[in-house]
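# Examining the three-dimensional arrangement
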There are 2 protein chains.
Amino acid sequence: MDKQLATSLFESLASGIRLDVFRLLVKHAPAGLVAGEIAALLALPPTNLSFHLKAMTHAGLLNVTQEGRYQRYRANLKVMQALIDYLTAECCSGHTEHCFDAKPVKTCCDTN
Amino acid sequence: MDKQLATSLFESLASGIRLDVFRLLVKHAPAGLVAGEIAALLALPPTNLSFHLKAMTHAGLLNVTQEGRYQRYRANLKVMQALIDYLTAECCSGHTEHCFDAKPVKTCCDTN
DNA sequence: TCGATATTTCAATAATTGTTGTATAGTTGA
DNA sequence: TCAACTATACAACAATTATTGAAATATCGA
């Protein structure tokens, strides 16, 4: 994870629409959703959704596969994990004592 | 951490300059740096830096305290931790099995 | 093949964000 | 008080990003 990838991922998440899309696809992992379903669920004009899907796919946040005339989108959870790791490293780097006194860090999924 | 806060934090991190500022301030935690030091270290015109510092402070990513004629900026590590938790929840929600097969999750600071 | 469907591309425009220089406000030390 | 210094506010402009409708591409079912 280099700085350039990190910034483009943050850019991908820095819009309400794109964050909604990503969360929706996480909720529907691993099956994913086709573009029309996303548009219907989020009540977005297809053109606009396509614009954001393209951006997110280009950034690597989503994967897309063709299914006949449908395009199925899936959240790229590995990239998200890498981003969390990057952020964690940024947050901690050399300063564990200041970052995590108050609140013991839990592992990622231990609340599920 | 609601969606609106999350998006404004991502927006704050979605620029090379702002990401550099944040990483610099994490490196200099907990002392922080005054605006002029940041400008010098990152070779930025003061006006432009001020623009970005204001945005980051407004988003809650930085804290600022006045020291005479200097403004001292510090990384808000608690907010960063909250953002990591949010992202982790988004990433995992109901899908731990798909998100973290390959790579066992480590606690945030165990590599330091 | 043909009409209906799904999605994207393109072009036009609107809206937002980033950068720079100049001016201003506040602080310091003499 | 005054000159030097730190930083921000403001205004102008540049650049990027978001949104929309119309047209194009490709697939499907009959």
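Scroll up for the structure.
Figured I'd write up the structure that's included with this text. (Residues numbered from 1 in each chain as written. Chains lettered and ligands numbered in written order. Predicted model: local features only at pLDDT ≥ 70, side-chain atom pairs only at ≥ 80, totals over all residues. Heavy atoms only, no water.)

What follows concerns the overall build of chain A. The secondary structure content of chain A amounts to six helices and three strands. Of the regular secondary structure in chain A, the N- to C-terminal order runs α-α-β-α-α-β-β-α-α. Counting over 112 residues, chain A shows a buried share of 46%. Relative to all contacts within chain A whose residues are 6 or more apart in sequence, the contacts with residues 24 or more apart total 55%. Of the roughly 5600 Å² that chain A leaves accessible, carbon and sulfur atoms contribute 55%. (Helix = DSSP H or I, 4+ residues; strand = E, 2+ residues; numbered from the N terminus. Buried < 20%, exposed > 50% of the residue type's maximum accessible area, 1.4 Å probe, protein only. Contact = heavy atoms within 4.5 Å. Areas by Shrake-Rupley, 256 points an atom, 1.4 Å probe, with all protein chains shown as cover.)

With that settled, the discussion passes to the sheet that holds strand 2 (residues 62-67) of chain B. Residue and element names in this part refer to chain B. Spatial strand order, 1-3-2: three strands in an open sheet with antiparallel pairing. Each having just a single partner strand, strand 1 (33-34) and strand 2 make up the two edges of the open sheet. Two elements, strand 1 and strand 3 (residues 70-75), share two bridges in a ladder whose sense is antiparallel. Bridging from a neighbouring strand, Leu33 pairs with Tyr73 of strand 3. Running over the sheet, helix 2 (residues 16-27) touches strand 1, strand 2 and strand 3 and is turned about 85° from strand 3. Against the sheet, helix 4 (residues 46-59) contacts strand 2 and strand 3, and its axis sits at roughly 115° relative to strand 2. (Pairing = 2+ DSSP bridges. Axes fitted to C-alpha atoms, helices over the stretch in contact; angles between N-to-C directions.)

Close approach of charged atoms allows side chains of opposite charge to pair. Residue and element names in this part refer to chain B. According to the stated counting rule, one finds six salt bridges over all chains in the structure shown. Residue Arg23 is joined to Asp20 by a salt bridge in which the shortest nitrogen-to-oxygen separation is 3.5 Å. A residue pair is termed a helical-turn pair when its members lie 3 or 4 positions apart in one helix, as Arg23 and Asp20 do in helix 2 at three residues. For Arg23, a relative accessible area of 26% corresponds to the partly exposed category. (Salt bridge = Lys/Arg side-chain N within 4 Å of Asp/Glu carboxyl O.)

A word on the packing of aromatic side chains. Think of a pair of aromatic rings as described by two things: how far the centres are apart, and how the planes are tilted against each other in angle. With the rule as written, the count across this model stands at one aromatic pair over all chains. Ring centres of Phe10 of chain A and Phe10 of chain B lie 6.2 Å apart, and the angle between their planes is 20°; this geometry places the pair in the stacked category. Separated into two different chains, Phe10 of chain A in helix 1 (residues 3-13) and Phe10 of chain B in helix 1 (residues 3-13) make up a pair that spans both. Its relative accessible area of 0% is what places Phe10 of chain B among the buried residues. (Phe/Tyr/Trp six-rings, centres within 6.5 Å; stacked < 30°, edge-to-face > 60°.)

Our next topic: the sheet that holds strand 2 (residues 62-67) of chain A. Residues and elements named next belong to chain A. Pairing in this open sheet of three strands is antiparallel, and the strands run 1-3-2 from one edge to the other. Pairing within the sheet leaves two strands with one partner each, and these edge strands are strand 1 (33-34) and strand 2. For strand 2 and strand 3 (residues 70-75), the ladder comprises six bridges, and the chain directions are antiparallel. Residue pairing in the sheet places Val64 in a bridge with Tyr73 of strand 3. Relative to the sheet, helix 2 (residues 16-27) contacts strand 1, strand 2 and strand 3, its axis offset from that of strand 3 by approximately 85°. Strands in contact with helix 4 (residues 46-59) are strand 2 and strand 3; relative to strand 2, the strand with the most contacts, it is inclined by about 115°.

On to the environment of Ala89 of chain B. Residues and elements named next belong to chain B. By the element assignment, Ala89 lies in helix 5 (residues 77-92). The exposure class of Ala89 is partly exposed, given its relative accessible area of 43%. It is 34 Å that separates the C-alpha atoms of Ala89 and Val34, two residues lying 55 residues apart in sequence.

Grouped together as the largest cluster of nonpolar side chains are 64 residues, with contacts concentrated most on Phe10, Ile38 and Met80 of chain A together with Phe10, Ile38 and Met80 of chain B. In contact with Phe10 of chain B, not counting residues within four places along its chain, are Phe10, Leu13, Ala14 and Leu19 of chain A together with Leu83 and Leu87 of chain B. (Core = buried A, V, L, I, M, F, W, Y, C linked by side-chain atoms within 4.5 Å.)

Residues in close proximity to DNA strand C total 22 residues, the closest being Gly36, Thr47 and Tyr73 of chain A together with Thr47 and His52 of chain B. Within 4 Å of the protein, the atoms of DNA strand C are drawn from sugar and phosphate moieties in a proportion of 72%. Asn48 of chain B is positioned such that a nitrogen or oxygen atom in its side chain is 3.4 Å from a phosphate oxygen of DNA strand C. Measuring from a phosphate oxygen of DNA strand C, one finds a side-chain N or O atom of His52 of chain B at 2.7 Å. When residues of the surface near DNA strand C are traced back to their parent elements, those giving at least two are helix 3 (35-42), helix 4 and strand 3 of chain A together with helix 2 and helix 4 of chain B. Here the residues of the surface near DNA strand C sort into eight nonpolar, nine polar and five charged. (Near = heavy atom within 4 Å. Polar contact = N/O pair within 3.5 Å; in protein donor to acceptor, adjacent residues only side chain to side chain. Nonpolar A, V, L, I, M, F, W, Y, C, P; charged D, E, K, R; others polar.)

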